[in-house]
Amino acid sequence: MILHSQEQETTLPRTLVFALSGLVVLGLLMIAWLLATRPGPAGSAASGQVIQTTGTAQIGGPFELVDQNGRTVTDATFRGKKLLVYFGFTHCPDVCPTGLSAMSSALQSLGEEAADVQPLFITVDPARDTPDALQSYMTYFGPSFLGLTGSDAQVDKAAKAYRVYYKKAPAKGDAANYSMDHSSIIYLMDENGRYVQHFTHEASPEAIAGALAKMR
Ligand code: NI
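Cut-off values and rules
Residues numbered from 1 in each chain as written. Predicted model: local features only at pLDDT ≥ 70, side-chain atom pairs only at ≥ 80, totals over all residues. Heavy atoms only, no water. Helix = DSSP H or I, 4+ residues; strand = E, 2+ residues; numbered from the N terminus. Buried < 20%, exposed > 50% of the residue type's maximum accessible area, 1.4 Å probe, protein only. Contact = heavy atoms within 4.5 Å. Areas by Shrake-Rupley, 256 points an atom, 1.4 Å probe, with all protein chains shown as cover. 1 Å grid on protein atoms, 1.4 Å probe; cavity = no way out; pocket = protein on both sides within 12 Å on 5 of 7 lines; lining within 4 Å. Points joined across faces, edges and corners; volume = space filled by probe spheres on them. Nonpolar A, V, L, I, M, F, W, Y, C, P; charged D, E, K, R; others polar. Pairing = 2+ DSSP bridges. Core = buried A, V, L, I, M, F, W, Y, C linked by side-chain atoms within 4.5 Å. Donors = N, O, S within 2.8 Å, 3.2 Å for Na, K, Ca; no water.

Trainee: Account for the overall build of the protein chain, with residues named and values stated.
Mentor: A tally of helices and strands in the protein chain yields seven helices and nine strands. For the protein chain, with 216 residues in total, the buried portion stands at 36%. Long-range pairs, those at least 24 residues apart, make up 67% of the contacts in the protein chain with a sequence separation of at least 6. Surface summary for the protein chain: the accessible area is close to 12700 Å², and the carbon and sulfur share equals 60%.

Trainee: Tell me about the layout of surface pockets, residues and numbers included.
Mentor: Reported here for the largest pocket is a volume of approximately 150 Å³. If you go around the largest pocket, the residues you meet are Val-124, Asp-125, Pro-126, Ala-127, Asp-152, Val-155, Tyr-166, Lys-168, Tyr-178 and Met-180. At the level of elements, helix 6 (152-161), strand 6 (166-171) and strand 7 (174-182) are the ones that each hand at least two residues to the lining of the largest pocket. Class assignment for the residues of the lining of the largest pocket results in seven nonpolar, no polar and three charged.

Trainee: If you had to explain the pairing of strand 8 (residues 185-189) to someone new, which residues and values would you point to?
Mentor: Within strand 8, four of the five residues are buried, which leaves it mostly tucked inside the rest of the structure. Taken together, the four bridges between strand 3 (residues 82-88) and strand 8 define a ladder with antiparallel strand orientation. Pairing of Val-85 across the sheet is with Tyr-187, part of strand 8. Sheet topology places strand 8 next to strand 9 (residues 195-200); five bridges connect them, and they run antiparallel.

Trainee: Tell me about the nonpolar core, and please be specific about residues and values.
Mentor: The biggest cluster of nonpolar side chains holds 51 residues, and the ones touching the most others in it are Leu-84, Val-85, Phe-87, Tyr-162 and Ile-208. Counting residues per element, this core draws most heavily on helix 4 (residues 95-110), at seven residues. When near neighbours in sequence (up to four residues on either side) are disregarded, Phe-87 contacts Phe-121, Ile-122, Val-124, Ala-158, Ala-159, Tyr-162, Val-164, His-182, Ser-183 and Ile-185.

Trainee: Tell me about the coordination of the nickel ion, and please be specific about residues and values.
Mentor: Within the protein, the atoms that donate to the nickel ion are Cys-92 (SG), Cys-96 (SG) and His-182 (NE2), at distances of 2.1 to 2.2 Å. Every donor residue of the nickel ion comes from the same chain, spaced as C-x3-C-x85-H. Of the two residues, Cys-96 is situated in helix 4 and His-182 in strand 7; the sequence distance between them amounts to 86 residues. Overall, Cys-96 belongs to the buried group, its relative accessible area being 0%. For His-182, a relative accessible area of 16% translates into the label buried.

Spelled out as structure tokens, the structure:
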């Protein structure tokens, strides 16, 4: 039977064989294209998983917090502004001040061009970082800085949106004098609340200012 079918193929006119194989290739390409572009539950679930494991594309998202003046703000409050977002806590001895100082110096060096940049400090220690506590802390870094706090759940939601890790680290024998372990990342977000890039707290002000200037 196998021999027989091969014989049949070889007896077909050559042009017809070429035309048929061309059609087969075209058909396969179309099927591949349809599978790749087809929306649907299977496709979206798969791409969601890819985003979660590869990271950066999903940083940022909805939050609702209170600033140091007692004003309720959400992610939508800041649409139209570039954001520098940093999570930390006011009792932090050096990491948070270093990161916030880098943001502050970057904005100062940009001068008037920093008018469309909103620096945000989101506390991971809402128990101690009340709006009042944030009010005095933010004055160290500049008038445009907003310090955001909220309920534990509100802070947790914001931290999760930005993939920020934080955990209470009690001091030995002194429960009231705890520290906070936390990720130390400065996020640069665009006017639509989308992630652009991030820096460590040790980034140079020039690097941050340069990234902001590039977005103009
Ligand atoms: Ni800190």
